[in-house]
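What the coordinates show
Below, each chain spelled out in residue letters.
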Amino acid sequence: MTPSSAADHHSASPEDKILVLDFGSQYTQLIARRIRECKVFSAILPYDALFESIKSFQPTGIILSGGPATVTEEFTARAASEIFEMGIPVLGICYGMQTMAAQLGGKVENSLVHEYGHTTMALVEESELLSGLGENSSNGSFGEMDVWMSHGDRVIELPEGFTATACSANSPFAAISDGKRQLYGLQFHPEVTHTPKGQEVIERFLYRICRCSPNWKSESIIQNQIESIRQKVGSDQVLLALSGGVDSSVCAALLQKAIGDQLICIFVDNGLLRLDEAKTVYQTMTEKIGINLLAIDAADRFFSELAGVTEPELKRKIIGRLFIEIFQEEASKLKDVKWLAQGTIYPDVIESAGLQTDKAKVIKSHHNVGGLPESLHLQLLEPLRELFKDEVRKIGSELGLPHEIVYRHPFPGPGLGVRILGEVKKKFADILRQADAIYIEELYRHDLYYEASQAFVVFLPVKSVGVVGDNRAYDYVVSLRAVQTQDFMTANCMELPHQVLQIIASRIVNEVAGVSRVTYDITSKPPATIEWE
Ligand code: XMP
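The model shown is predicted, which means the values in this text are computed figures rather than measured ones. (Residues numbered from 1 in each chain as written. Predicted model: local features only at pLDDT ≥ 70, side-chain atom pairs only at ≥ 80, totals over all residues. Heavy atoms only, no water.)

The next thing to look at is the overall build of the protein chain. The helix and strand inventory of the protein chain stands at 16 helices and 18 strands. Relative to the globule expectation of 24 Å for 533 residues, the C-alpha radius of gyration of the protein chain, 26 Å, shows essentially globular dimensions. Based on the C-alpha atoms only, the size of the protein chain along its principal axes is roughly 80 × 60 × 40 Å. Looking at the protein chain as a whole, 54% of its 533 residues are labelled buried. Excluding contacts between residues fewer than 6 apart, the proportion of contacts in the protein chain whose partners are at least 24 apart in sequence is 77%. Summing over all exposed atoms, the protein chain offers an accessible surface of approximately 24,000 Å²; the carbon and sulfur share of this is 50%. Of the charged side chains in the protein chain, 50 are positive and 69 negative, and the gap between their average positions amounts to 4 Å. (Helix = DSSP H or I, 4+ residues; strand = E, 2+ residues; numbered from the N terminus. Rg over C-alpha atoms; globule rule 2.2 N^0.38 Å. Buried < 20%, exposed > 50% of the residue type's maximum accessible area, 1.4 Å probe, protein only. Contact = heavy atoms within 4.5 Å. Areas by Shrake-Rupley, 256 points an atom, 1.4 Å probe, with all protein chains shown as cover. Lys, Arg positive; Asp, Glu negative; His and termini not counted. Charge placed at Lys NZ, Arg CZ, Asp CG, Glu CD.)

What follows is the structure, encoded as C-alpha cells:
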C-alpha cells in the first residue's frame, strides 16, 4: 500500500481536505495530525505524486513539508509545478518553502550559519498568516514571534510577486507570501510544540486562507464510515481477525454498528496472551458490543510447534504462520464470506509505504495478519486506514468500548512469545502471565499505567539463588520494562519510583512460584528495542 492509495480511496468524503506533500521530514505525520486536531481532514502523498492524483484528491489547500534534501543541487525533490497554478492556497514549510521559492524563480543558497532550535523572528509586513500573532508590537512594528527552526539552506532571492513578512538573524526571508496567488512560505516549523504559536499559524492557514470549516469530528467519521461500509458490503458477510488490541477492537465495534450480524470475528487464543485476556476480550466484545465471535483455543498447537525453538525470528515466523493456518481453517468453514476486514490505521499505511524503499533494514519481522488477504481471496475492508491512533481511540470510546481496552498499552502480535527469551514453554508463559499481572496492577494502583507508553514483564530462562524463609530457593529471573515514547521508534526508560519498584519486586517473588529475582531494564531504544526479542 502506498500513501497515495490512502488518499485516493478516502471514503468519508469530507468537504474540506488538506493535502500534505511529504518531502521526507520527520514531522510530516505531525503536520497531518495538527490539521486534524483543527477538525479538518488531511492526507499525505509523497512529494513526487503525479499531478493527476493530486488533482483527483481535490484538495482545498496543499502543504509542502520539510525534508532532508537541499534544493541547491540540480536533481532534488520537487513538487509537481502545476500545484502552484491550481488557484488553491499552498503553504511551504522549511524545505517546502525553499522548493516553492526555487520552483517559482527565486534563489536558495546553502547558508554558512545554520539555524537550529529557538529563534526570535521579527514580523515586518502585514500577512494573513502571521499578523496579530507577534509579541511586543507597538506603533509601526508588528512585533516578534518565538519560533523553532531547523535548516541549513535559506532563500536569498524571492520569486516575483512574493514579499517577506518576517525575518530572523539568519533568514532574511523567515516567512514569505504572495497574497494574490495565495502562496505562503515559512522557514520555521509551525507543527512542533517548540513554536508556541504554531498551532495558531496552522489554524490561520486552514480557516482564514483555505476557508475550511472544522467539520472533521469523530461523530461524523463514524457516521460517514457506517454509510460507506454498508454501501460497499451490501448483504455480504465480513470476516475479521480480532486480536483484542485497540485497532482490531475498534474496527470490530465500528463494523458491528454498520452491519451487525453480517460481521463474524475470529479470535485465536495462542496461549501467549496476558492473564485472563481471552476471557476479557470474549466478554467485552460479545456482551458489551454484541459481536458475533468465534473463539478458538489453539494454545497446545502453538506450544507444540514452538517446542525446542530458541531463535527469535524463527519463533516470530512460526507464530505468524500458525495464526494464518488456523485462521484459514476456520474461515474455510464459513461459506458466504466475501470480505476480510483489518484494523489497519494511517501510520501503518504510511510506514508500509516507507518500508518499500530498500533503505529500511529489517530489525524484527513485525507481522500480525500480513498474508491473509492474498491467501483467502477476499476483498479487503479497512475502515480505519485514514485515521491516526488518537482518532481511533476517540471513536472506540464513542462506540462504547471500555476505557481499559481503548487506552491499553500496545501488545505485539507474537505476544508473550517474544517476552519469553529462548524456548517458549507453557510453564514459562504461566509464570510470566502472573508476574505481568502484578506489575500492571501496581502501575494502575500508583497512577503510573497511563504515564508509561508500554510496560510489561520479560521472562529470563536463567536461575538465580534466593532465600525463602530458612530455605534456599533456585528459581527464574524476570525483568520489568517500562518505556515512554511518542512514536515507538525511539523510547526512554521510564523513571519508576524506587519504592514502587520494591513493592512490585516483593509481590512477584512472594506470589509467583518459580521466580527468585526481579530486575528493571533501564536501556533506551536505540540501542535496545522495546521488546527483548
Ligand atoms: P520494538 O521491540 O521493535 O517494538 O522496539 C516497537 C513496538 O512494536 C511492538 N511490536 C510488535 N507489534 N507485531 C506487532 O503488532 C509484532 O510482531 C511486534 N513486535 C514488536 C512492540 O510491542 C512496541 O510497541
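So, about unusual backbone geometry. Negative phi values dominate among residues other than glycine, just as trans dominates among peptide bonds. Between Lys-525 and the following residue, Pro-526, the backbone shows a cis peptide bond with an omega angle of -15 degrees. Between Pro-526 and Pro-527 the backbone carries a cis peptide bond, its omega angle lying at 10 degrees. Inspection of the secondary structure puts Pro-527 in the segment after β18 (515–520). The residue Lys-39 is not glycine, and still its phi comes out positive at about 65 degrees. A relative accessible area of 34% places Lys-39 in the partly exposed class. Here the phi dihedral of Arg-211 falls at roughly 60 degrees; this positive angle occurs in a residue that is not glycine. With a relative accessible area of 65%, Arg-211 lands in the exposed category.

Turning next to the sheet that holds strand β11 (residues 263–269). Across the sheet, which stays open at both edges, the 5 strands sit in the order β12-β11-β10-β13-β14 with parallel pairing between neighbours. The two strands at the open ends of the sheet, each matched to only one other strand, are β12 (293–297) and β14 (379–381). Pairs of neighbouring strands in the sheet enclose a mean axial angle of 30 degrees, with direction left out of account. When strand β10 (residues 237–241) meets strand β13 (residues 337–341), the two strands line up parallel, connected through 4 bridges. The partner of Leu-240 across the bridge, within β13, is Ala-341. (Pairing = 2+ DSSP bridges. Axes fitted to C-alpha atoms, helices over the stretch in contact; angles between N-to-C directions.)

Atom-level detail of predicted coordinates should not be read off regions where pLDDT is low. Averaged over all residues, the pLDDT of the protein chain equals 91, while 93% of them reach at least 70. With pLDDT under 50 throughout, residues 1–12 is counted as low confidence; its partners more than four residues away or in other chains account for 39 contacts. In this model, residues 355–360 is a region of pLDDT below 50 whose contacts with residues beyond four sequence positions or in other chains number 3 contacts. (pLDDT = per-residue confidence, 0-100.)

Moving on, we come to the pattern of salt bridges. The full count for this structure, using the stated rule, is 28 salt bridges. With a shortest N-O distance of 3.8 Å, Glu-313 and Lys-317 are connected by a salt bridge. Placement of the pair is Glu-313 and Lys-317 together in helix α10 (residues 312–332), with a separation of 4 residues, close to one helical turn. When its relative accessible area of 23% is taken as the criterion, Glu-313 is described as partly exposed. Relative accessible area serves as the criterion here: at 47%, Lys-317 is assigned to the partly exposed category. Of the charged contacts in the structure, one is a salt bridge between Arg-419 and Glu-531, with a shortest N-O distance of 2.8 Å. With a gap of 112 residues between them, Arg-419 in the loop between α14 (403–406) and α15 (426–445) and Glu-531 in the segment after β18 connect regions that are remote in the sequence. Taken as a pair, Arg-419 and Glu-531 share a single burial class, namely buried. One continuous salt-bridge network, built from bridges that share partners, spans Arg-301, Glu-305, Arg-321, Glu-325 and Glu-329. (Salt bridge = Lys/Arg side-chain N within 4 Å of Asp/Glu carboxyl O.)

Moving on, we get to the nonpolar core. Residues Leu-21, Ile-54, Leu-64 and Leu-130 are the most contacted members of the largest nonpolar core, which totals 106 residues. Residue contributions to this core peak at 9 residues, all from helix α7 (residues 246–259). In terms of nonpolar packing, the next biggest core, distinct from the first, is built from 56 residues, Phe-302, Val-309, Ile-324 and Ile-440 among them. (Core = buried A, V, L, I, M, F, W, Y, C linked by side-chain atoms within 4.5 Å.)

With respect to the secondary-structure elements, Ile-522 resides in the segment after β18. Note on Ile-522: relative accessible area 64%, which makes it exposed.

Within this structure, the stated rule accounts for 12 aromatic pairs. Taking 4.7 Å as the distance between ring centres and 65 degrees as the angle between the ring planes, the aromatic pair formed by Phe-41 and Trp-216 counts as edge-to-face. Here Phe-41 is found in strand β2 (residues 41–46), whereas its partner Trp-216 is found in the loop between α5 (198–209) and α6 (218–233), with 175 residues between them in sequence. Of the residues examined, Phe-41 reaches a relative accessible area of 2% and is grouped as buried. Aromatic side chains Phe-428 and Tyr-476 sit 5.3 Å apart centroid to centroid with 70 degrees between the ring planes, which places their arrangement in the edge-to-face category. A residue pair is termed long-range when its members are at least 10 positions apart, and Phe-428 in helix α15 and Tyr-476 in strand β16 (residues 471–484) qualify at 48 residues. (Phe/Tyr/Trp six-rings, centres within 6.5 Å; stacked < 30°, edge-to-face > 60°.)

Another aspect to go through is the environment of Gln-26. You can see Gln-26 is positioned in the loop between β1 (17–22) and α2 (28–37). Looking at Gln-26, the relative accessible area reads 70%, which means it is exposed. Between the alpha carbons of Gln-26 and Ser-65 there is a distance of 9.4 Å; along the sequence they are 39 residues apart.

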